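Chain by chain, the residues:
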Amino acid sequence: MNVAAIDQANKPAGYDKLHKQAVELEGVFLNTLMKEMFSSLDTSEANFGGGFAEETWRGMQAEQFADVLAQNGGIGLADQLMGDLLRLQEANQ
């Protein structure tokens, strides 16, 4: 199913809810990706890097980056999931 071809007037029932869930799942995936990316940074040599505070805030920063990225189109994972979610919903009806 081509999700991009669905126009606003002919959306299947529950489309908005499914899309919100797909975007949230993409955000979770991106959050995991961002946390792994940030965990590999070496901040021991930086003037203001390192320590407990950085570890605390780095996770929150990764979460915010991931949420903003997912809400603004992400990497296309939500769109890929939508086709499968819509097919599953149709099969259950």
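Cut-offs and rules
- Residues numbered from 1 in each chain as written.
- Predicted model: local features only at pLDDT ≥ 70, side-chain atom pairs only at ≥ 80, totals over all residues.
- Heavy atoms only, no water.
- Helix = DSSP H or I, 4+ residues; strand = E, 2+ residues; numbered from the N terminus.
- Buried < 20%, exposed > 50% of the residue type's maximum accessible area, 1.4 Å probe, protein only.
- Contact = heavy atoms within 4.5 Å.
- Areas by Shrake-Rupley, 256 points an atom, 1.4 Å probe, with all protein chains shown as cover.
- Expected span 1.5 Å × (residues − 1).
- Phe/Tyr/Trp six-rings, centres within 6.5 Å; stacked < 30°, edge-to-face > 60°.
- Core = buried A, V, L, I, M, F, W, Y, C linked by side-chain atoms within 4.5 Å.
- Axes fitted to C-alpha atoms, helices over the stretch in contact; angles between N-to-C directions.
- Parallel < 35°, antiparallel > 145°, perpendicular 65-115°, else oblique.
- Left-handed = near helix turned anticlockwise from the far one by under 90°.

Novice: Just checking my understanding: could you explain the overall build of the protein for this structure?
Specialist: On a plain count of helices and strands, the protein comes out with 3 helices and 0 strands. Counting helices and strands in the order they occur from the N terminus, the protein gives α-α-α. Taken across its 93 residues, the protein has 24% of its residues classed as buried. If you take every contact in the protein between residues at least 6 apart in sequence, the share linking residues at least 24 apart comes to 83%. Summing over all exposed atoms, the protein offers an accessible surface of approximately 6800 Å²; the carbon and sulfur share of this is 56%.

Novice: Just to check I follow, could you spell out helix H2 (residues 51-71) for this structure?
Specialist: What sets the pattern is the α-helix's 3.6 residues per turn: residues three or four places apart point alike. Compared with the 30 Å implied by 1.5 Å per residue over 21 residues, the 31 Å span of H2 between its first and last C-alpha is a close match. By the burial criterion, the buried members of H2 are Glu-54, Arg-58, Ala-62, Ala-66 and Ala-70. On its buried side, H2 packs onto helix H1 (15-39). Of the residues trailing H2, Gly-73 is marked for its positive phi of about 110 degrees.

Novice: Explain the side chain of Arg-58 to me, please; I cannot follow it from the model alone.
Specialist: With respect to the secondary-structure elements, Arg-58 resides in helix H2. When near neighbours in sequence (up to four residues on either side) are disregarded, Arg-58 contacts Phe-38, Ser-39, Leu-41 and Thr-43.

Novice: Can you help me understand the packing of aromatic side chains in this one?
Specialist: For any pair of aromatic rings, geometry is given as the distance between the ring centres together with the angle between the planes. According to the stated counting rule, one finds 1 aromatic pair in the structure shown. Where Phe-38 meets Phe-65, the ring centres are 6.0 Å apart and the plane angle is 45 degrees; that geometry is what we call tilted. Here Phe-38 is found in helix H1, whereas its partner Phe-65 is found in helix H2, with 27 residues between them in sequence. On the basis of relative accessibility, which here comes to 10%, the residue Phe-38 falls in the buried class. Overall, the relative accessible area of 39% leaves Phe-65 in the partly exposed class.

Novice: Mind showing me how you'd approach the nonpolar core here?
Specialist: Nonpolar side chains tend to gather and get buried jointly when the protein is soluble and globular. In this structure, Met-82 and Leu-86 are the most contacted members of the largest nonpolar core, which totals 13 residues. Every element with two or more residues in this core is listed here: H1, H2 and helix H3 (77-92). No other element matches H1, which puts 7 residues into this core.

Novice: What is the right way to read the packing of H1 against H3 from this model?
Specialist: How two helices sit against one another is set out by the angle between their axes and by the gap between those axes. Their axes nearest at 9 Å, the elements H1 and H3 cross at an angle of 135 degrees. Relative to H3, H1 is oriented oblique. Crossing handedness for the pair H1 and H3: right-handed. Packed against H1, whose contacting residues are Tyr-15, Leu-18, His-19, Ala-22, Val-23, Leu-25, Glu-26 and Phe-29, the element H3 presents Leu-77, Ala-78, Asp-79, Leu-81, Met-82, Leu-85, Leu-86 and Gln-89 at the interface.

The analysis is restricted to geometry; functional conclusions fall outside its scope.
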